[in-house]
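Chain residues, written in single-letter form:
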Amino acid sequence: MMSFFIREDPLTGDRHVIASVRSKRPHLVGQIQTEEPFQCPFCPGSELLTPKEVMRVEGESGWIVRVIPNKFPAIPHMHDVIVDSPSHRGDLDTIPHLDKLLWTYRERMVHYYSTEGVRFVALFRNRGREAGASIPHPHSQVVALPFYPKRFLKEKERYGRENRDILGNFLEREMSIQERVLMVSRNFCVLLAYAPVTPYEVWIVPKERVSSFIFERNLEELAGVIRETVSVLKELLGEDLPYNLTFQSAPPWDRDYRYYIRILPRVSVFGGFELETESVIVSVAPEEAVRDLRTVMYARNTE
Ligand SMILES: [Zn+2]
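Residues numbered from 1 in each chain as written. Predicted model: local features only at pLDDT ≥ 70, side-chain atom pairs only at ≥ 80, totals over all residues.

## Quick word on the overall build of the chain
Worth spelling out the cut-off: The helix and strand labels rest on DSSP assignments: H or I over at least four residues marks a helix, E over at least two residues marks a strand, and numbering proceeds from the N terminus. The atom set for the radius of gyration is the C-alpha atoms, and the globule formula is 2.2 Å times the number of residues raised to the power 0.38. Field definition: a residue is buried when 20 or more other C-beta atoms are found within 10 Å of its C-beta, exposed when 12 or fewer are, and partly exposed for counts in between, with C-beta atoms placed from the backbone. By definition, residues are in contact whenever their C-beta atoms, placed on the basis of the backbone, come within 7 Å of each other.
Across its full length, the chain holds six helices and 13 strands. Its C-alpha atoms give the chain a radius of gyration of 19 Å, within 12% of the compact-globule value 19 Å for 303 residues. For the chain, the spread of C-alpha atoms along the three principal axes comes to 55 × 45 × 40 Å. Considering the chain as a whole, with its 303 residues, one finds that 34% of them fall into the buried category. When contacts within the chain are restricted to residue pairs at least 6 apart in sequence, long-range pairs at least 24 apart make up 66% of them.

## Points about the packing of helix α4 (residues 219-237) against helix α6 (residues 286-301)
What counts is decided by this rule: To get an axis, fit a line to the C-alpha atoms, keeping to the stretch in contact for a helix; angles then go from 0 to 180 degrees between the N-to-C directions. We call two directions roughly parallel when the angle between them is under 35 degrees, roughly antiparallel when it is over 145, roughly perpendicular when it lies between 65 and 115, and oblique otherwise. Under the grouping applied here, Gly and all other residues not named as nonpolar or charged are polar, the nonpolar ones being Ala, Val, Leu, Ile, Met, Phe, Trp, Tyr, Cys and Pro and the charged ones Asp, Glu, Lys and Arg.
Contact geometry of α4 with α6 gives a least axis separation of 9 Å together with a crossing angle of 105°. As the angle between them shows, α4 and α6 are arranged roughly perpendicular. Note on element contacts: α6 touches α4 through D292, L293, V296 and M297, opposite V232, E235 and L236. Among the residues making up the contact of α4 with α6, the classes are represented as five nonpolar, no polar and two charged.

## Section: the packing of helix α1 (residues 98-113) against α4
What counts is decided by this rule: When the near helix sits turned anticlockwise from the far one by under a right angle, the crossing is termed left-handed; a clockwise turn instead gives a right-handed crossing.
At a closest axis distance of 8 Å, the pairing of α1 and α4 adopts a crossing angle of 115°. Considered as vectors, α1 and α4 are oriented roughly perpendicular to each other. Between α1 and α4 the crossing geometry is right-handed. In this structure, α1 contributes L98, D99, L102 and W103 to the contact, and α4 contributes L219, E220, L222, A223, I226 and R227. Its residues placed into classes, the contact of α1 with α4 shows seven nonpolar, no polar and three charged.

## A look at unusual backbone geometry
The backbone of H77 shows a phi angle near 65°, a positive value even though the residue is not glycine. With respect to the helices and strands, the residue H77 is situated in the loop between β4 (62-69) and β5 (79-83). With phi around 60°, Q178 is a residue other than glycine that occupies positive phi space. As for its position among the elements, Q178 is in the loop between α3 (166-177) and β8 (181-184). Looking at Q178, the number of C-beta atoms within 10 Å reads 10, which means it is exposed.

## A look at α1
As a reminder of what qualifies: The span expected for a helix works out to 1.5 Å for each residue beyond the first.
Compared with the 22 Å implied by 1.5 Å per residue over 16 residues, the 23 Å span of α1 between its first and last C-alpha is a close match. Within α1, the full set of buried residues consists of L98, L101, T104, Y105, R106, R108, M109 and Y112. Looking at the buried side of α1, the elements it contacts are β3 (55-59), β4, β5, β6 (120-127), β7 (139-145) and α4.

## Some points on the sheet that holds strand β2 (residues 15-21)
What counts here: Strand pairing is assigned whenever DSSP detects at least two bridges linking the two strands.
Within the open sheet, the three strands sit side by side as β1-β2-β13. Their pairing is mixed. Only two strands of the sheet have a single partner each, and these edge strands are β1 (2-8) and β13 (281-282). Direction of pairing for β2 relative to β13: parallel, over a ladder of two bridges. Of the residues in β13, the one forming a bridge with V17 is I281.

## Concerning the pairing of β8
By the bridge criterion, three bridges tie β8 to strand β9 (residues 188-192) in an arrangement that is antiparallel. When the bridges of β9 are listed, V181 appears paired with L191. The loop that links β8 with its antiparallel partner β9 comprises three residues.

## Considering α4
Owing to its 3.6 residues per turn, the α-helix aligns residues three or four sequence positions apart on the same side. Between its terminal C-alpha atoms α4 stretches 26 Å, which fits the 27 Å expected from 19 residues at 1.5 Å a residue. Buried within α4 we find L222, A223, V225, I226, T229, V230, V232, L233, K234 and L237.

## Quick look at the environment of V81
The topology assignment puts V81 in strand β5. Judged by the 23 C-beta atoms lying within 10 Å of it, V81 is buried. Linking V81 and L191, residues 110 residues apart in sequence, is a C-alpha distance of 28 Å. Aside from chain neighbours lying at most four places away, what touches V81 is I68, N70, H139 and Q141.

Okay, structure coming up:
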């Protein structure tokens, strides 16, 4: 069975193609972690291999999070690498101090937003080579930019034109129809993106309007929601799932926005069509993706 339709992102207006063939599900089975002949610069004991750290979070026996300047910065002095955990094989579903990692993200955002000339702070996490990670040890990146990125500008243009909380209204509608909602906690809703750019693209949205991640107070709860979401995605798509996680967040001086987090499994690659049109073709409809993920969750809950 094949379904085909065009979807418009409610926030940006970007249009993408959903061309779903049920039998052609992306499934990752092979190993992406290969031999690692070099000494990992992010493991405990290798601290001298990295530039001097600008911040660290201490655990009971040594550091649990380190922030270091990127050796190959996109913009000099404006690009952090955050070592998420001392554990080389850790990921968001297994890192025990995830709330403290989120706290570190927020601190670095605050730092850069109080730096002169910074307009926007990009915060993201790449896992796996297919997602752009060159080092397998779990890490995140923070890049401060002297300009507003295109996606944010497109969203802001709509917020300005329609003069309302676009994401909030969208969320309300999604929560009432329940066609793409994966889970709901006290303060967050997890749903499949309406117009995804990768199969199984997931959004985590605060239920109350919070414009910037800087103002997010429920870090412990958010950590639990991220942990559960990543764990369900990996159970369905493979333990070695490559993915990107991005924070779509306004600067603290702009309150007319609602921040959200995207998780983008990299189970497909972009080619000429995507480069030519800036649209993508996605092979799994979000309504099918949510059914697959719900099946995994229900099986867990009844075990
Ligand atoms: Zn390591």
